[in-house]
Amino acid sequence: MATKTPAAKTESVLSLRQKLARYSTVRNWLLLLVFWEIIGQLRLVADGALPAPSAILARMWVDWADYPPHIWATLEGAGAGFLIGNAVAIAAGVLFATFPLTQRLARGVNVALFALPPIAVSPILVITFSDMTPRIILAAIGCYFVTMSATVTGIQQTDRRIVDVVHAYGGRQWKTLIYAQMRSAIPAILSGLRVAAPNAVLGSILAEFGGGGRFGLGVYLIGSLGRGEPDRLWGIGLSATVIAGLAYFLFSLIATRLTGTSKAVTVPASPPAPKAEKSMVLTLALGTVSFALPFLLWWLMLAIMGTPAMIAKTPVGLFDYLFMMPSSLVSLGKLATALGQTLPMTMVGMAVGLSFAFALALCSVLYPAIIRGFMPVALVTQTMPLVALTPLLVLILGRGPSLILWITVSVTFFPAFVTMAQGLSMVSRAAIEVPKAYGAGPFRQLWLVSIPASLPYLFAATRLAVPRALLGVMIAEWLATGKGLGNLLNQSRGYLDYGMIWSVSVVSVLISVLFYQIVVAIEQRVLSKRGMAPAQ
């Protein structure tokens, strides 16, 4: 009888581990469904606010005739936005990677789009455009940043030896791009598309929440809120989750077929940083243009569309509304009051979400089995569109601060956890062996080596959490609490107070960008002292 070689034994052990991992995942999902069914049947959560899966499926069967037009409308907006947003993102990524100066000029626009809370611009898009256009634009915005960053990163990380081979055969810049860099960037681009796909679904639903349109899962959800039927709300929410999850796993499958890998990724926390300019004058000029470009594009888009000044506020028009009109003091008072309600909850929610993510990341190193058991729940929170989750949590938690905190934590912890866990997993094993050789335990090893070494990823997770935390708070305020910027945005839409709609939207973007830049400044100061580079 032939004996197995060491390589064959290793391969057999790895195959067995993979099978056991699959079985444990299926087991965890089944246990979750059984647990959920028991809780629902016994009405243990808020007297039936969490229905049993069987009751949700039964209600979906009864309502099934309502679903096709709503699902199709959401998919139509999300699909068109996905195609347009990713086409623009890949083109922009190629441009930025090929001509780094354009990346410096567009940095202000890129950061603004990354920090943009979609719920803030949804009403503006609805009152400015018609038909499916708001859904397509918001879905495209949700796709742009992650795919653009992935494209730039993929091109910039091309193996230099491949580039040299193309150059040796006479290939110029564009030949190098086509035959070497774009092919090398395919895995990174596919990773970006995996994240962009559910983002497009979320963008389409958020535009439906902003108003306009007869069909769409967001429209269906809003129309069902006042009926007191938890099973219908859960059916709509889970339908949106299934669509977003299928979109994610479709591109995971494509990535597996094309590149042999389907590693989950999260949204990049910053645009890839171009090389710094040596000239102080040039650096200052580029920074000024980068800062002014978003405002210039804002004015230019409104001028091209010819939207009436009463509806579409230019930067100058918004300044007049807030500071020059007789009602400006009242408007500023409303805005200040709303800010005072939104900002504290955003800071608290972000802090709790990051702390939870950090604890999970440490557990992924110390207790991997616990994390594997927790992942099914975490994946549901990642793929379920936030606007679909909020009405369901209202049924369970009510409309107080606990709801805002729960939503903010749920949307910030998972991407932050993935980023932190990635940083901890990349720490050199040789570095960990040093304190281990001196008798340090697992916690001591983390404290002395792993956590300091993964600081760039901890800051990247913080940058990533800033806009998501504000988005979570504003959606909770919009749909549930009746306070803060989200509620002011909703009220202004009902009163046709277009100036306030634009004010809330611009202020929310500026807050996200400000928080983002504060984190970047702290990061640069801390990492420069340690001789470390930021993580993208």
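Residues numbered from 1 in each chain as written. Predicted model: local features only at pLDDT ≥ 70, side-chain atom pairs only at ≥ 80, totals over all residues. Heavy atoms only, no water.

### Observations concerning helix 20 (residues 455-481)
Along its 27 residues, helix 20 runs 36 Å from first to last C-alpha, staying within 8% of the 39 Å computed at 1.5 Å per residue. Along helix 20, the sharpest change in direction is near 30 degrees and occurs at Ala 465; proline Pro 467 comes one to four residues later. For helix 20, the tally of buried residues reaches 26 of 27 residues, placing the bulk of the element in the interior. Looking one or two residues past helix 20, Gly 482 carries a phi angle of roughly 75 degrees, positive in sign. (Helix = DSSP H or I, 4+ residues; strand = E, 2+ residues; numbered from the N terminus. Expected span 1.5 Å × (residues − 1). Bend = angle between axes of the 7 residues up to and from the residue. Buried < 20%, exposed > 50% of the residue type's maximum accessible area, 1.4 Å probe, protein only.)

### Comments concerning the nonpolar core
Here is a general trend for soluble globular proteins: nonpolar side chains tend to be buried in one another's company. The biggest cluster of nonpolar side chains holds 103 residues, and the ones touching the most others in it are Phe 82, Leu 335, Phe 417, Met 474 and Val 504. In terms of residue count, helix 9 (residues 173-209) provides more of this core than any other element does, 15 residues in total. Once residues within four sequence positions are removed from consideration, Leu 335 is found in contact with Leu 322, Leu 485, Leu 488, Met 500, Ser 503, Val 504 and Val 507. By size, the runner-up hydrophobic cluster in this structure holds 13 residues, among which are Val 111, Val 152, Leu 464 and Val 520. (Core = buried A, V, L, I, M, F, W, Y, C linked by side-chain atoms within 4.5 Å. Contact = heavy atoms within 4.5 Å.)

### Considerations on the confidence of the model for the protein chain
In the predicted model, the protein chain carries a mean pLDDT of 77, and 83% of its residues have values of at least 70. Across the protein chain, the secondary-structure element scoring lowest on mean pLDDT is helix 15 (residues 368-383), at 61, and the one scoring highest is helix 3 (residues 67-98), at 89. Segment residues 262-267: pLDDT under 50, and 20 contacts once partners within four positions in sequence are set aside and those in other chains are kept. (pLDDT = per-residue confidence, 0-100.)

### Notes on the environment of Ala 58
Of note, Ala 58 is situated in helix 2 (residues 53-62). Ala 58 gets classed as partly exposed once you look at its relative accessible area, which sits at 43%. Along the backbone, Ala 58 and Asp 231 are 173 residues apart, and their C-alpha atoms lie at a distance of 8.7 Å.

### Structural notes on helix 7 (residues 133-156)
An α-helical segment advances 3.6 residues per turn. Residues three or four places apart therefore align on the same side. The end-to-end C-alpha distance of helix 7 is 34 Å, a good match for the 34 Å that 24 residues give at a rise of 1.5 Å each. Along its length, helix 7 reaches its greatest deviation from straightness, about 30 degrees, at Tyr 144. For helix 7, a buried count of 17 out of 24 residues is recorded, marking the element as mostly surrounded by other parts of the structure.

### Topic: the pattern of salt bridges
Taken as a whole and assessed by the stated rule, the structure comprises 4 salt bridges. For Asp 231, the salt bridge goes to Arg 59, with nearest N and O atoms at 3.6 Å. Residue Asp 231 is found in helix 11 (residues 230-259), and its partner Arg 59 is found in helix 2; the two are separated by 172 residues along the sequence. For Arg 59, a relative accessible area of 17% corresponds to the buried category. (Salt bridge = Lys/Arg side-chain N within 4 Å of Asp/Glu carboxyl O.)

### Let's talk about the packing of helix 13 (residues 315-324) against helix 22 (residues 498-530)
To describe two helices that pack against each other, one gives the angle between their axes and the distance between the axes. Contact geometry of helix 13 with helix 22 gives a least axis separation of 10 Å together with a crossing angle of 105 degrees. Judged on the interaxial angle alone, helix 22 and helix 13 are roughly perpendicular. Each of Leu 318, Tyr 321 and Leu 322 in helix 13 lies in contact with helix 22, whose residues at this interface are Gly 499, Met 500, Trp 502, Ser 503 and Val 506. Of the residues contributing to the contact of helix 13 with helix 22, the split by class is 6 nonpolar, 2 polar and no charged. (Axes fitted to C-alpha atoms, helices over the stretch in contact; angles between N-to-C directions. Parallel < 35°, antiparallel > 145°, perpendicular 65-115°, else oblique. Nonpolar A, V, L, I, M, F, W, Y, C, P; charged D, E, K, R; others polar.)

### Side note on the packing of helix 5 (residues 107-115) against helix 22
Packing of helix 5 against helix 22 leaves a shortest axis separation of 9 Å and a crossing angle of 110 degrees. With respect to helix 22, the element helix 5 is oriented roughly perpendicular. In this structure, helix 5 uses Val 111, Ala 112, Phe 114 and Ala 115 to contact helix 22, whose residues at the interface are Val 509, Ser 512, Val 513, Tyr 516 and Gln 517. Looking at the contact of helix 5 with helix 22, its residues break down into 7 nonpolar, 2 polar and no charged.

### Some points on the packing of aromatic side chains
What characterises a pair of aromatic rings is the spacing of the ring centres plus the angle enclosed by the ring planes. Counting across every chain of the model gives 6 aromatic pairs. Consider the rings of Tyr 67 and Tyr 220, whose centres lie 5.6 Å apart with planes at 85 degrees: the pair is edge-to-face. Placement of the pair is Tyr 67 in helix 3 and Tyr 220 in helix 10 (residues 217-224), with a sequence separation of 153 residues. For the pair shown, Tyr 67 and Tyr 220 are each scored as buried. Aromatic pair Phe 319 and Phe 323: ring centres 5.0 Å apart, planes at 40 degrees, arrangement tilted. Taken together, the residues span about one helical turn, with Phe 319 and Phe 323 both in helix 13 at a distance of 4 residues. Aromatic rings pair up to connect Trp 64, Tyr 67 and Tyr 220 into one cluster. (Phe/Tyr/Trp six-rings, centres within 6.5 Å; stacked < 30°, edge-to-face > 60°.)

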